[in-house]
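Examining the three-dimensional arrangement
The primary structure of each chain is shown beneath.
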Amino acid sequence: MSNIVDPLVARIGARIRAERDRRRWTLSELAEASGVSRAMIHRIERGESNPTAVVLGKLSAAFRLSVATLLDPEDGTDRVRRRDAAPRWHDPQTGYVRRQLSGPGFPAEMAEIRLPAGAHVPYPAAAFAFHRQIIWVLDGRLTFHEGGTVHELAAGDTVELGRPAPCAFVNATDQECRYAVVLVRGEAP
């Protein structure tokens, strides 16, 4: 077992701790607001655990922040993001890879997602309650569950999210799916 801490995992943990401190929340209060156990939050904050996409979705919803905000450094001022230098996060459970394309100072957030074959990533409705979002499939096929509605999307297709609902990103194929997420802060429709 390695004692090496991934810098991005450490940064995510520090950001979650900073957001919790900013609100003067205890671990128990964040656990209650997010539905994530105190023990898991503690391990994430210490950089001992890489949170899954589901856990990040729950924490972002509790803070009323986007997942991208938890992944990106607060002080990012470089307007040029080189492909290999952009923040890239890997979900240890599903293999989902998220590369942040826009910086924290830009008014919209944009990310490229690579969803492996067979992956299923659910998010709670609260994760969509504080912003507007569009999903644009770049390669492959994506089955997007938005509440009780299922959208079958192919390369070139887009979907604008409606009212907040539990959502799931599903790749039911045997090929990787690559899509972009564009998010604008503000209340959802």
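Worth saying up front: this structure is predicted, and the values here are computed from it rather than measured.

A look at the overall build of the protein
The helix and strand tally for the protein stands at 5 helices and 10 strands. A globule of 189 residues ought to have a C-alpha radius of gyration of about 16 Å, and the protein, at 16 Å, matches this closely. Projecting the C-alpha coordinates of the protein onto the three principal axes gives extents of approximately 40 × 35 × 35 Å. Counting across all 189 residues of the protein, residues that qualify as buried make up 45%. If you take every contact in the protein between residues at least 6 apart in sequence, the share linking residues at least 24 apart comes to 64%. Distance between charge centroids for the protein: 4 Å, based on 25 positive and 23 negative side chains.

A closer look at unusual backbone geometry
Here the phi dihedral of Arg24 falls at roughly 60°; this positive angle occurs in a residue that is not glycine. With respect to the helices and strands, the residue Arg24 is situated in the loop between helix 1 (7–22) and helix 2 (27–34).

Description of the pattern of salt bridges
Applying the stated criterion to the full structure yields 12 salt bridges. Between Glu19 and Arg23 there is a salt bridge; the shortest N-O distance is 2.6 Å. Under the relative-accessibility criterion, Glu19 is labelled buried at 2%. Accessibility expressed as a relative area gives 26% for Arg23, which makes it partly exposed. Ionic pairing is found between Arg114 and Glu176, a salt bridge with its closest N-O pair at 2.7 Å. Remark: Glu176 occurs in the loop between strand 9 (167–170) and strand 10 (177–185) and Arg114 occurs in strand 3 (residues 108–115); sequence separation between them is 62 residues. Several salt bridges converge on common partners, so that one network encompasses Arg99, Glu112, Arg114, Asp139, Glu176 and Arg178.

Re the environment of Ile41
Looking at the secondary structure, you find Ile41 in helix 3 (residues 38–45). Along the chain, Ile41 and Ala31 lie 10 residues apart, while their C-alpha atoms are 7.4 Å from each other. Beyond its immediate chain neighbours, meaning those up to four positions away, Ile41 contacts Leu27, Leu30, Ala31, Ser34, Val36 and Leu59.

What counts, and at which threshold
Residues numbered from 1 in each chain as written. Predicted model: local features only at pLDDT ≥ 70, side-chain atom pairs only at ≥ 80, totals over all residues. Heavy atoms only, no water. Helix = DSSP H or I, 4+ residues; strand = E, 2+ residues; numbered from the N terminus. Rg over C-alpha atoms; globule rule 2.2 N^0.38 Å. Buried < 20%, exposed > 50% of the residue type's maximum accessible area, 1.4 Å probe, protein only. Contact = heavy atoms within 4.5 Å. Lys, Arg positive; Asp, Glu negative; His and termini not counted. Charge placed at Lys NZ, Arg CZ, Asp CG, Glu CD. Salt bridge = Lys/Arg side-chain N within 4 Å of Asp/Glu carboxyl O.

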